Amino acid sequence: MPTPTPTAAPPPTAAPAPTRREHRVRRTGRLPVPLLLVAPSVVFLAVLFLWPLAVGVLQALRADDGFTLDHLRRMLADPYFWPAARNTALLIVVLIPLQFAFALAMALLLRDRPRLSGLYFYVWCVPLAISDLAAGLVWLSIFTDRGYLNSALVHLGLDEGHAWLSYQNPTTMFVAVLLAELWRATSLVLVILVAGLQNIPRDYDEAAAVFGATYWQRLRHVLLPQLRPSLQVALILRTILGLQTFAVAQALTGRNFPLLVGETYQWHVTLQNEHVAAAIALVLLALSIGTATVYLRVLRDPSHGRSR
Amino acid sequence: MTRRRWRTTRRTALVQLACVTVTLFMGLPLYLIALAALSSRESLDRFPLALLPTGVSVDTMTAFLGSTGVLPAFRNSVEIGLLSLVLSLLLGVPAGYALARFAFRGRDPYQLFLLLVRALPIVVLAVPLARVFLSTGLYDTTYAVALVHTALALPTTVLITSAVFVSVPVEHEEAAMVFGATAPRAFARVVLPQALPGIAAAAIFTFVTSWNEVFGAAVLTLNRRSLPAQVLTTLSDSPLAYRFAGGFALVVPALVFIALMRRYLLNMWGSTVR
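All values reported here derive from a predicted model rather than from experimental measurement.

(A) Representation of the overall build of chain B within the structure. Of the regular secondary structure elements, chain B holds 13 helices and zero strands. Counting helices and strands in the order they occur from the N terminus, chain B gives α-α-α-α-α-α-α-α-α-α-α-α-α. Taking all 274 residues of chain B together, the buried fraction comes to 54%. Considering only intrachain contacts with a sequence separation of at least 6, the fraction spanning at least 24 residues in chain B is 72%.

Set out below in structure tokens:
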């Protein structure tokens with residue numbers, strides 16, 4: 001008689017001994033504790049996000065007598081829509097690379113631990129807590145006709161002043177908005193990158209240095225690859241927030257430099273047309289989701305297979 | 001050897017130079033808005049403007065604070081901020097605790113959901129919510145704005161508090177329970193006191209988010225405006241002095257806030273967004 005091979009009938013495995021944590025979960029009744037703890041926030045967010053999302057889609061696509069594309073047509077026909085879309089896109093395309101180069105330079109400077117670095121970090125972080133409206137007003141004091149920039153130019157005996165924010169000077173208007181956004185929002189990228197750098201062990205960098213790698217080589221091949229997750233998060237966040245730029249331009253130029261969010265505001269508050277406002281909001285949503293998806297695809301770390 | 005030392009010195013000097021330049025770019029606008037807001041009306045009307053504080057006066061600020069709607073808006077802003085703070089703590093702290101202490105099913109999808117919500121544009125919410133709030137009678141109340149601001153800040157509150165709870169050793173809690181405390185009691189007596197500073201940081205973060213938010217507040221209110229919404233809606237027909245003073249009034253809390261929260265800056269914005 002062949003003895004039963006041990007592999008044929010595996011011993012009845014007891015369920016793995018419950019850990020202490022699972023114990024605690026099980027003891028307290030039918031609904032597990034963590035779900036009870038998490039549920040209120042889920043319900044709240046679902047109500048405040050999914051409900052308006054649904055209402056918004058309906059607002060954009062519905063008239064009194066069923067579905068219609070009129071609101072979308074009206075949005076597209078509006079003379080401000082395309083300039084607003086173009087400005088929004090332009091702002092992001094120019095701002096984001098500048099911002100990332102700037103923030104990366106700042107983070108690397110801090111990494112050198114210069115004297116007074118605590119003070120520097122504080123000043124560089126202040127804009128984190130400044131609203132875009134306040135940032136717009138701050139830069140308004142500089143760029144307005146009788147503002148500090150023109151004053152400084154006059155003091156230096158250079159110029160009699162320039163209408164930086166006039167609709168006749170679209171370039172300087174754009175530069176003003178760009179500078180204000182660069183000033184305000186680079187701090188966010190900075191803290192994400194500084195936090196990312198802190199998690200990178202210095203050994204790799206030092207090892208590369210020992211083997212004779214130059215600063216640029218180390219940056220390119222050692223630091224940046226390890227910073228990838230932080231860069232990716234910052235990139236997605238900043239692009240989506242960049243699409244929402246609004247009050248900076250509003251404070252600096254009014255409607256002379258239209259942006260998509262500003263147009264939503266115009267349609268909703270001034271023109272009292274919630275349908276077109278909702279339509280523009282949906283365009284923004286689509287753009288946000290689109291860019292996030294593209295970034296996640298393009299930036300996926302090939303060596304890890306799955307991005308965090 | 002000396003050459004190497006010279007190179008190090010040069011490098012240090014260059015780094016310092018770069019740091020000072022960046023600091024000037026970041027700090028100068030703050031100096032200028034303070035200068036503008038604290039100048040007298042006459043010196044603001046002059047051109048060119050003085051670049052040094054010569055005519056310091058609080059007239060411009062007092063005129064701003066005295067103009068119609070500003071003080072009530074200030075009060076509304078504080079009220080909205082505090083309401084969002086309480087709400088986001090009530091909803092966020094338990095969730096943060098759950099994320100820190102339990103490995104439960106749905107944990108990863110939940111975190112993904114939080115990130116998703118964090119990335120959603122407020123514009124997409126505010127416009128339809130104006131309609132929803134109109135039909136529920138919440139429109140033009142501080143509650144409506146507080147609800148939206150809570151939704152904005154909640155994901156971050158959850159992530160910050162969970163990071164805080166992770167740093168409180170589980171052993172302390174278990175020791176308390178060994179000595180007969182119930183789980184809620186152990187939490188209240190042992191965990192909460194240790195987590196309090198971090199939770200306070202999360203609370204202040206919510207307050208600042210709310211203090212800064214302008215689009216939702218402007219779209220969801222008519223008479224009960226927050227300060228930014230008030231400044232925004234009166235922007236086009238207000239004198240420059242009013243706008244400068246408004247800008248400064250919005251900036252000051254930021255200076256205080258960053259000074260108070262320096263220790264938590266990286267936790268709040270840096271590592272928690274991952």
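(B) Quick peek at the interface of chain B and chain A. With 90 residues of chain B in contact, the opposing surface of chain A contributes 96 residues. Overall, the association of chain B and chain A removes approximately 8,500 Å² of surface from exposure, summing both partners, and the carbon and sulfur fraction of that is 78%. Where chain B meets chain A, there are two salt bridges. For R11(B), the salt bridge identified is with D112(A), shortest N-O distance 2.6 Å. At the junction of chain B with chain A, the criterion picks out 15 residue pairs in polar contact (both at pLDDT 80 or more). The dominant element in the side of chain B that touches chain A, judged by the number of residues it contributes, is helix α1 (residues 2-37) of chain B, at 17 residues.

(C) How the structure looks around the UniProt feature "domain: ABC transmembrane type-1" (unreviewed entry) in chain B. The positions UniProt marks with the feature "domain: ABC transmembrane type-1" (unreviewed entry) are residues 74-261 of chain B. Span residues 74-261 of chain B is 82% helix and 0% strand, its end C-alpha atoms 22 Å apart.

(D) Spotlight on the UniProt feature "transmembrane region" (unreviewed entry) in chain B. All names here are of chain B. The UniProt feature table records "transmembrane region" (unreviewed entry) at residues 12-38, 80-100, 112-134, 146-168, 195-220 and 240-261. Span residues 80-100 is 100% helix and 0% strand, its end C-alpha atoms 29 Å apart. Within the segment residues 146-168, helix and strand shares are 91% and 0% respectively, and the terminal C-alpha atoms sit 30 Å apart.

(E) Expanded view of the UniProt feature "transmembrane region" (unreviewed entry) in chain A. All names here are of chain A. The positions UniProt marks with the feature "transmembrane region" (unreviewed entry) are residues 31-51, 89-110, 119-142, 173-197, 233-252 and 276-298. As annotated, residues 173-197 has a helix share of 100% and a strand share of 0%, and its two end C-alpha atoms lie 35 Å apart. Span residues 233-252 is 85% helix and 0% strand, its end C-alpha atoms 29 Å apart.

(F) The arrangement of the domain arrangement of chain B in detail. All names here are of chain B. Each domain of chain B was delimited in the assignment, giving domain 1 (1-57) and domain 2 (60-271). For domain 1 versus domain 2, the separation of C-alpha centres amounts to 32 Å. The interface is formed by 11 residues belonging to domain 1 together with 10 residues belonging to domain 2. Buried area between domain 1 and domain 2, both sides added, is near 820 Å², and the carbon and sulfur share of it is 79%. Considering only the side of domain 1, the residues that lose the most area to domain 2 are I33, A37 and R41, jointly responsible for 54% of the buried surface there. Counting the contacts that link domain 1 with domain 2 gives zero salt bridges. Run the count over domain 1 and domain 2 and you get one residue pair in polar contact (both at pLDDT 80 or more). Every element with two or more residues in the side of domain 1 that touches domain 2 is listed here: α1 and α2 (41-45). Broken down by element, the residue count for the side of domain 1 that touches domain 2 peaks at five residues, all from α1. In terms of residue class, the side of domain 1 that touches domain 2 is made up of seven nonpolar, three polar and one charged.

(G) Main features of the side chain of Q59(A). Tracing the chain through its elements places Q59(A) in helix α2 (residues 33-61). Those residues in contact with Q59(A) that lie beyond four places of it in its chain are H71(A), E274(A), H275(A), A278(A), V127(B), P128(B) and R131(B).

(H) Structural detail: a nonpolar patch on the surface. All names here are of chain B. On the surface, V20, L24, L28, Y31 and L52 cluster together into a nonpolar patch covering about 470 Å² of accessible area. Along the polypeptide, V20 turns up in helix α1. Of the residues examined, V20 reaches a relative accessible area of 41% and is grouped as partly exposed.

(I) View of the UniProt feature "domain: ABC transmembrane type-1" (unreviewed entry) in chain A. Under the present numbering, the feature "domain: ABC transmembrane type-1" (unreviewed entry) in UniProt falls on residues 85-295 of chain A. In residues 85-295 of chain A, helix accounts for 77% and strand for 0%; the two terminal C-alpha atoms are 20 Å from one another.

(J) Main features of the domain arrangement of chain A. Residues and elements named next belong to chain A. Considered domain by domain, chain A is made up of domain 1 (31-68) and domain 2 (81-300). When each unit is reduced to the centre of its C-alpha atoms, the spacing between domain 1 and domain 2 is 31 Å. Each partner contributes to the interface: domain 1 provides six residues, whereas domain 2 provides six residues. Interface of domain 1 and domain 2: buried area, both sides summed, is about 470 Å²; carbon and sulfur atoms make up 68% of it.

(K) Local environment of the environment of V154(A). Looking at the secondary structure, you find V154(A) in helix α7 (residues 148-155). For V154(A), a relative accessible area of 22% translates into the label partly exposed. In this structure, the C-alpha to C-alpha distance between V154(A) and A286(A), residues 132 residues apart in sequence, is 46 Å. With near-sequence residues (within four places) excluded, V154(A) lies in contact with D159(A), E160(A), F47(B) and P48(B).

Criteria and thresholds
Residues numbered from 1 in each chain as written. Chains lettered and ligands numbered in written order. Predicted model: local features only at pLDDT ≥ 70, side-chain atom pairs only at ≥ 80, totals over all residues. Heavy atoms only, no water. Helix = DSSP H or I, 4+ residues; strand = E, 2+ residues; numbered from the N terminus. Buried < 20%, exposed > 50% of the residue type's maximum accessible area, 1.4 Å probe, protein only. Contact = heavy atoms within 4.5 Å. Buried area = accessible area lost by both parts, 1.4 Å probe. Salt bridge = Lys/Arg side-chain N within 4 Å of Asp/Glu carboxyl O. Polar contact = N/O pair within 3.5 Å; in protein donor to acceptor, adjacent residues only side chain to side chain. UniProt positions renumbered as here; feature names shortened; annotations may be inferred. Domains from an automatic or database assignment. Nonpolar A, V, L, I, M, F, W, Y, C, P; charged D, E, K, R; others polar. Patch = residues over 30% accessible without salt bridge, like charges linked within 9 Å, V, L, I, M, F, W, Y side chains within 5 Å. Areas by Shrake-Rupley, 256 points an atom, 1.4 Å probe, with all protein chains shown as cover.

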